Every structure is written in structure tokens, then in C-alpha cells.
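Here's the letter readout for the chains.
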Amino acid sequence: EKMASLGGLVAGVAHEINTPVGIGLTGITHFLDITENIMQNYASENMSKEEFENYLKTSKELAIMINFNLDRTAHLVRSFKQIAVDQTSEEKREFNLTEYIDEILLSLQHII
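Quick look at the structure, then. (Residues numbered from 1 in each chain as written. Predicted model: local features only at pLDDT ≥ 70, side-chain atom pairs only at ≥ 80, totals over all residues. Heavy atoms only, no water.)

Moving on, we get to the overall build of the protein. When its secondary structure is counted, the protein shows 3 helices and 0 strands. Traced from its N-terminal end to its C-terminal end, the protein shows the element sequence α-α-α. Out of the 112 residues belonging to the protein, those deemed buried represent 21%. Restricting to contacts in the protein with at least 6 residues of sequence separation, those with at least 24 account for 72%. Put simply, the protein shows about 8800 Å² of open surface, and 60% of that area lies on carbon and sulfur atoms. (Helix = DSSP H or I, 4+ residues; strand = E, 2+ residues; numbered from the N terminus. Buried < 20%, exposed > 50% of the residue type's maximum accessible area, 1.4 Å probe, protein only. Contact = heavy atoms within 4.5 Å. Areas by Shrake-Rupley, 256 points an atom, 1.4 Å probe, with all protein chains shown as cover.)

Structure follows, in C-alpha cells:
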């Protein structure tokens, strides 16, 4: 029963981490593609001001999205790590109850 519970938890953790990582990978792939296109257009002197401005706007949006999802992934990993430490350690530590509950809810989000 413990192994089945652990397997479910690991699957949930993998799913929760896979989502923002997948979004980040999709974003960076698109960013690399549009950067390659803009470089080719620049090299062939076939780039309009509008195309370049559109590239800048899209690049900024992608950077924000990738940053958000990487930050979310890092937060998930920290949260899972701290919860695992808390489950195996009897060491006392100070903590913010609201943040701790938020971390637990985040780690259980796939279940609830």
C-alpha cells in the first residue's frame, strides 16, 4: 500500500513538473525558430521595421512565459524537497504556516 501511494505521488510530481517544463521547452523552441528567421532576414537585408518590432514583442512575451514556467518548476521542486525532508526528519525548524500549507496544497494539486 505504501509503494502504491509512493508511485501515485511520484506520478503526480512528474506530471506537475512536466507541465511547466513542457511549456518552457515549447517557448524556447519557438524563440529559437523566430530568432533564426530574423537572422536570415537581416543577413539578406530583407527585414522590415514592422517585422523586427514584432520579433521584439514576441521575444519579450516568450521570455516572460519561459521565466514564469521555470520559476514555477523550481518552486515545485523546492516544495517537494522540503516536504520530503519534513517527512523523514524530526528536526525542529521555524516556518511560515501559510507558506507551508500553500506548498503542501501545491504538491497535492494534481490529486485535489
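Moving on, we come to the side chain of Thr-73. Tracing the backbone shows Thr-73 in helix α2 (residues 49-88). By relative accessible area, which is 11% here, Thr-73 ends up buried. A polar side-chain atom of Thr-73 sits 2.9 Å from the main-chain carbonyl oxygen of Asn-69. (Polar contact = N/O pair within 3.5 Å; in protein donor to acceptor, adjacent residues only side chain to side chain.)

Turning our attention to the pattern of salt bridges. One pass over the full model with this rule turns up 3 salt bridges. The partner of Glu-61 in a salt bridge is Lys-57, and the shortest N-O contact between them spans 3.7 Å. Of the two residues, Glu-61 and Lys-57 are both situated in helix α2; the distance of 4 residues between them amounts to about one turn of the helix. (Salt bridge = Lys/Arg side-chain N within 4 Å of Asp/Glu carboxyl O.)

Another aspect to go through is a nonpolar patch on the surface. A surface patch of nonpolar side chains, about 390 Å² in accessible area, is lined by Met-3, Leu-6, Leu-9 and Val-10. Here Val-10 shows up in helix α1 (residues 2-43). (Patch = residues over 30% accessible without salt bridge, like charges linked within 9 Å, V, L, I, M, F, W, Y side chains within 5 Å.)

Excluding glycine, most residues fall at negative phi; most peptide bonds, likewise, are trans. Phi at Glu-45 is positive, roughly 50°, even though this residue is not glycine. Exposure remark for Glu-45: the relative accessible area of 75% places this residue in the exposed category.

In this section: the environment of Gly-24. The topology assignment puts Gly-24 in helix α1. We classify Gly-24 as buried; its relative accessible area is 9%. The spacing of Gly-24 and Leu-62 is 38 residues in sequence and 8.8 Å in space, taken between C-alpha atoms. The residues contacting Gly-24, other than those within four sequence positions of it, are Ile-66 and Asn-69.

Glancing now at α1. With 42 residues, α1 extends 60 Å from end C-alpha to end C-alpha; this agrees with the ideal 62 Å at 1.5 Å per step. Maximal helix bending in α1 amounts to about 25°, located at Asn-18; proline Pro-20 follows within four positions. Every buried residue of α1 is listed here: Gly-12, Val-13, Glu-16, Pro-20, Gly-24, Gly-27, Ile-34, Thr-35 and Ile-38. Of the residues flanking the end of α1, it is Glu-45, one or two places downstream, whose phi is positive at about 50°. (Expected span 1.5 Å × (residues − 1). Bend = angle between axes of the 7 residues up to and from the residue.)

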